[in-house]
Amino acid sequence: MSDEGRGLLPQNQGDKPTLRTVAQATGFAVATVSRALSGDPRIAAATRAKVAEAAERLGYVPDRAARRLRTGRTQVISLLLNTEHEFLGFTHEFLTGITEVLAGTGYSVTVVPDSPGDDRLAPVRTILRNNLADGLLFTRTEAFDPRVRLLMEADFPFVSHGRTEFTTPHPWVDFDNEAFARQAVEHLVAKGRRRLSLVLPGEQFTFTQHLRYGFLSATRAAGIEHEIVPGVTLDSPTAMIAEALMRTRRSPAPPDGYVCVGEVTALVALAALADTGAVHGVDADIVAKRASPIFDNIRPRIDTVFEDLRATGRAMAEMLLRRMAGEPPEALNRLFQPDPVG
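Being a predicted model, the structure only gives us computed values, none of them experimental. For every chain, the first residue of its written sequence is number 1, and the numbers climb from 1 along that sequence. Owing to the predicted nature of the model, reporting of local features is limited to residues with pLDDT of at least 70; listing and counting of side-chain atom pairs is limited to 80 or more, with chain, interface and lining totals taken over all residues. By convention in this description, side-chain values take in all heavy atoms of the structure and omit both hydrogens and water.

Asker: Describe in detail the environment of Gly-162, supporting the description with residues and values.
Answerer: Numbered from the N terminus, helices here are DSSP runs of H or I no shorter than four residues, and strands are runs of E no shorter than two. Examined against the element boundaries, Gly-162 turns out to sit in the loop between strand E4 (158-161) and strand E5 (172-175). Classification of Gly-162 as buried rests on a relative accessible area of 7%. Distance from Gly-162 to Arg-334, taken between C-alpha atoms, is 9.7 Å for residues 172 residues apart in sequence. Two residues qualify as a contact provided that any one of their heavy atoms is within 4.5 Å of a heavy atom in the partner residue. Among all residues touching Gly-162, those that are not within four sequence positions of it are Thr-141, Trp-172, Val-173 and Asp-174. Exposed residues in this analysis have more than 50% of their type's maximum accessible area, buried residues have under 20%, and partly exposed residues fall in between, with area computed by a 1.4 Å probe over protein chains only.

Asker: Describe the sheet that holds E5, naming the residues involved and giving the relevant values.
Answerer: When DSSP finds at least two bridges between two strands, those strands are taken to pair. Pairing within the open sheet is parallel, and its six strands lie in the order E2-E1-E3-E4-E5-E11. Either end of the sheet is taken by a strand with one partner, and the two such strands are strand E2 (108-113) and strand E11 (333-336). Pairs of neighbouring strands in the sheet enclose a mean axial angle of 15°, with direction left out of account. Bridging between strand E1 (residues 76-81) and strand E3 (residues 135-138) involves four bridges; their strand directions are parallel. Opposite Ile-77, over in E3, you have Gly-135 as the bridge partner. What counts as an axis is a line fitted to C-alpha atoms, over the stretch in contact for a helix, and the angles between N-to-C directions run from 0 to 180 degrees. Packing against the sheet, helix H6 (residues 90-102) makes contact with E1, E2, E3 and E4, and its axis sits at approximately 165° to E1.

Asker: Explain the nonpolar core to me, and be specific about the residues and the numbers.
Answerer: Here is a general trend for soluble globular proteins: nonpolar side chains tend to be buried in one another's company. Throughout this description, the term nonpolar core refers to a set of buried Ala, Val, Leu, Ile, Met, Phe, Trp, Tyr and Cys residues connected via side-chain atoms within 4.5 Å. In this structure, Leu-137, Phe-180, Phe-215, Leu-245, Tyr-258, Val-259 and Ile-286 are the most contacted members of the largest nonpolar core, which totals 68 residues. At eight residues, helix H13 (residues 309-324) tops the list of elements feeding residues into this core. Looking at this core, you find at least three residues from each of domain 2 (76-175 + 310-336) and domain 3 (177-306). If we ignore the near neighbours within four places in the chain, the residues touching Tyr-258 are Leu-188, Ser-197, Leu-245, Arg-249, Ala-269, Leu-273, Ala-284, Asp-285, Ile-286 and Val-287. The split into domains, and so the bounds of each, comes from an automatic or database assignment of domains.

Asker: Would you mind going over the domain arrangement of the chain in detail, with residue names and values included?
Answerer: Here the chain is partitioned into domain 1 (19-62), domain 2 (76-175 + 310-336) and domain 3 (177-306). If you average the C-alpha positions of domain 1 and of domain 3, the two centres end up 50 Å apart.

Asker: For the pattern of salt bridges, give the residues involved together with the corresponding values.
Answerer: Definition used for salt bridges: Asp or Glu carboxyl oxygen within 4 Å of a side-chain nitrogen of Lys or Arg. Counting across every chain of the model gives 20 salt bridges. Close ionic contact of Glu-243 with Arg-247 constitutes a salt bridge, the shortest N to O distance being 3.5 Å. Here Glu-243 and its partner Arg-247 are both found in helix H11 (residues 238-249), four residues apart, which amounts to about one turn of the helix. When its relative accessible area of 49% is taken as the criterion, Glu-243 is described as partly exposed. Here Arg-247 falls in the partly exposed class, since its relative accessible area comes to 47%.

Asker: Quick rundown of the confidence of the model for the chain? Include the residues and the values.
Answerer: Within a predicted model, pLDDT stands for the predictor's per-residue confidence, ranging from 0 to 100. On average, residues of the chain score 89 in pLDDT, and 92% of them reach the 70 mark or higher. A low-confidence stretch, residues 1-14 stays under pLDDT 50, and its non-local contacts, those more than four residues away or across chains, total eight contacts.

Asker: Outline the sheet that holds strand E10 (residues 303-306), supporting the account with residue identities and numerical values.
Answerer: The five strands lie next to each other as E7-E6-E8-E9-E10, forming an open sheet whose pairing is parallel. What marks the edges here is a single partner per strand, and that holds for strand E7 (225-228) and E10. Across this sheet, the average inter-strand angle for adjacent strands is 15°, counted without regard to direction. Taken together, the four bridges between strand E8 (residues 257-260) and strand E9 (residues 285-290) define a ladder with parallel strand orientation. Within the sheet, the bridge partner assigned to Gly-257 lies in E9 and is Asp-285. Set on the sheet, helix H9 (residues 177-190) makes contact with strand E6 (195-198), E8, E9 and E10; between it and E9 the angle comes to about 160°.

Asker: Could you give an account of the environment of Phe-205, with specific residues and numbers?
Answerer: By the secondary structure assignment, Phe-205 is in the loop between E6 and helix H10 (206-222). Judged by its relative accessible area of 0%, Phe-205 is buried. In this structure Phe-205 touches Pro-116, Arg-120, Arg-140, Thr-141, Glu-142, Ala-143 and Asp-235, once residues within four positions along its chain are discounted.

Asker: Which residues make up H6, and what values do they have?
Answerer: One fewer than the residue count of a helix, multiplied by 1.5 Å, yields its expected span. Along its 13 residues, H6 runs 19 Å from first to last C-alpha, staying within 8% of the 18 Å computed at 1.5 Å per residue. Listed as buried for H6 are Phe-90, Glu-93, Phe-94, Thr-96, Gly-97, Ile-98, Val-101 and Leu-102. Contact partners of the buried residues in H6: E1, E2, E3, E4 and H13. Note on H6: the residue one or two positions beyond its end, Gly-104, has a positive phi of about 85°.

Dropping the structure here:
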């Protein structure tokens, strides 16, 4: 081992690396190293990156218990996540984006299961009551989300994936689902499709309103027939969605175009076409929102719009760090726009 490499190790193999160890390896003061590892935005990005790289190489792990006693901070961010999703790669892409931003900040992520059918306030109350995290990220936001209301009242840092109808500003990151639905309809109409079908999320979610408005306004403007499939939502079991789509396929005038909010419903729609003897691209077309490359390997090709969930996770984590650093919520929002259908 070189002298340089030997100098980057603790004096004894059994010694636990400390802030002083990282400081000696990088040439920075202990205070600078501590602030860099905590993600202090006042420390230059290059310095934070150098300190993070040295800490990782040395195997430095912060003493969370001591830090919590000293600062009152847990160095933990909680993510409330519904793992049942319309995107096949949602959890992987979303978490990857979050962890990419938090790398080197000293923060770790704990994932807490969240189901729209459960008491959505219970895990939030537990986190607040027991001081289990410094900030919160969550998905499947509702129009008047009780989690948002509680967190705003508690003045606790959070970022929601999706907007609300509250007049008080709060941090959020969202995808323009209204624009997506409108683009999808216009694309199908340009292909000559005249009877379009859509499976919506549950009524409580804000993005349901955006999807419905984009879909209905575009179909009415084009003067074509349309249906919002009754009796099911994106969260219904796949077998139920398949059964509902099969019923509409067997009607006297089945849909000839499908707007699919995620990859799961697109695959179900493709199966319904095949099972009823219809040919995709001939008897009907599909436009699907996707988050993974799965449709690159499916023939015939499905027209898609890509939602970059990794970029969404990155944006939410960056925004939460800024909020925890004291930035006001008014400017902490971002609306991702859909690319053209392709």
